[in-house]
Amino acid sequence: MDDSLFDAVSDLVALVSPTKVRTVAAALRGLASPESAPNPNTLVDTPAARAAVERVIACWASQGCSTSSDELAGILLGACETRLRVERELSIELVWTGPTTRFVPMRRTEQVLVDLVASATSSVFFVSFVAFGVHSVVTALDAATRRGVRVRFLIESSTKEGGTLKVNNFASFRKHLPQAELLTWTKRKDYEGGKVHAKIAVVDEARAFITSANLTGHALEKNMEVGVLMHGGPVPRAIALHLDALVEEGFVAPI
């Protein structure tokens, strides 16, 4: 069996709903040959889906007798279940702050951050250029530290501390979040003048929010900001491991 049939099955499963995939699998099971396959018009609804079914049948025919109809039905159902499992384990949500429209419902940045922190059971790692004036997020973070969640912040430091800000970002944090760990970028020669410009929140190595918004009241209430919230999949853990490695290797250090 060559890869063309697997490619055709993958394209079909990605294009149509699991219900339609099951319909196609049921229609193919038990057939004596590809020539006896039903017309794709009777199985799926759109021209693109019909073309995808036709491709599967054509690739099956090109295999000769090496793949039975029952085997093909099993391949379709297996690919369908894999798609469903990936969708259960990984979700991506668009997050928006600013003017909204009736066409695309989206949650606001502040709501997502508060919900993320509230869901934390072991760790929260924030990265932001600046951070101030976000009472709702600070309240959620304080509650998280009280239930034993490790909270870390990497933010830009003041010019007195080797950073680029005229004001000290850390003073208010020590007052309102005494249990939080405050980190700064220890800029080496190649990065002199550089800024902590990333805006990330990672929770429990399982959920990550990548956004254009700094952790400020203005960004969460007034600006036009966009972000992507990821649940599951490899990216949240990869971000968490990278941030941990920056700390372990001394690129990022406690204040």
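Just above, that's the structure.
Residues numbered from 1 in each chain as written. Predicted model: local features only at pLDDT ≥ 70, side-chain atom pairs only at ≥ 80, totals over all residues. Heavy atoms only, no water.

Our focus in this paragraph is the overall build of the chain. When helices and strands are tallied, the chain shows 9 helices and 10 strands. Expected size for 255 residues packed as a compact globule is a radius of gyration near 18 Å; at 25 Å, the chain overshoots this value by more than 25%. Seen along its three principal axes, the alpha-carbon backbone of the chain occupies a region of about 80 × 45 × 35 Å. Looking at the 255 residues of the chain, the share that counts as buried comes to 42%. When contacts within the chain are restricted to residue pairs at least 6 apart in sequence, those whose partners lie at least 24 apart make up 71%. Looking at the chain as shown, the accessible area adds up to about 13,600 Å², and 56% of this sits on carbon and sulfur atoms. (Helix = DSSP H or I, 4+ residues; strand = E, 2+ residues; numbered from the N terminus. Rg over C-alpha atoms; globule rule 2.2 N^0.38 Å. Buried < 20%, exposed > 50% of the residue type's maximum accessible area, 1.4 Å probe, protein only. Contact = heavy atoms within 4.5 Å. Areas by Shrake-Rupley, 256 points an atom, 1.4 Å probe, with all protein chains shown as cover.)

Under the counting rule described, the total for this entry stands at 1 cavity of 30 Å³ or more. Space inside the largest cavity adds up to approximately 70 Å³. Along its surface, the largest cavity is lined by 13 residues, and L113, F126, T211, A213 and L215 are the ones closest to its centre. Sort the elements by how many residues they give to the lining of the largest cavity and strand β2 (residues 123-128) lands first, with 3 residues. By residue class, the composition of the lining of the largest cavity is 9 nonpolar, 3 polar and 1 charged. (1 Å grid on protein atoms, 1.4 Å probe; cavity = no way out; pocket = protein on both sides within 12 Å on 5 of 7 lines; lining within 4 Å. Points joined across faces, edges and corners; volume = space filled by probe spheres on them. Nonpolar A, V, L, I, M, F, W, Y, C, P; charged D, E, K, R; others polar.)

Following the criterion strictly, the structure yields 2 aromatic pairs and no others. Here F126 and F153 contribute two aromatic rings whose centre-to-centre distance is 5.1 Å and whose plane-to-plane angle is 10 degrees, an arrangement assigned as stacked. One end of the pair, F126, is in strand β2; the other, F153, is in strand β4 (residues 150-155), and 27 residues separate them in sequence. The pair formed by F126 and F153 is uniform in burial state, with each residue classed as buried. An angle of 55 degrees between the planes, with centres 5.5 Å apart, marks the rings of W185 and Y191 as tilted. The class for Y191 is partly exposed, based on a relative accessible area of 46%. For the cation-ring pair, R188 lies above F251, with the distance from its terminal atom to the ring centre recorded as 4.2 Å. (Phe/Tyr/Trp six-rings, centres within 6.5 Å; stacked < 30°, edge-to-face > 60°. Lys NZ or Arg CZ within 6 Å of the ring centre and 35° of its normal.)

Before going further, it helps to examine the nonpolar core. Nonpolar side chains in soluble globular proteins tend to end up buried together. In terms of nonpolar packing, the biggest core is built from 31 residues, with F126, L141 and F153 touching the most fellow members. Of all the secondary structure elements, the ones that give two or more residues to this core are α5 (109-119), β2, α6 (135-146), β4, α7 (170-176), β6 (200-203) and α8 (217-221). Beyond its immediate sequence surroundings of up to four residues, F126 is in contact with L113, V117, V137, L141, R152, F153, L154, I200, A201 and L215. (Core = buried A, V, L, I, M, F, W, Y, C linked by side-chain atoms within 4.5 Å.)

Before going further, it helps to examine helix α2 (residues 18-28). Burial in α2 covers these residues: P18, V21, V24, A25 and L28. Projected onto a plane normal to the axis of α2, the buried residues spread over an arc of 120 degrees and lie on a single side. Where the residues of α2 are buried, they touch α1 (3-15), α3 (47-62) and α4 (69-89). G30 lies just past α2 and shows a positive phi near 85 degrees. (Arc of directions from axis to C-beta.)

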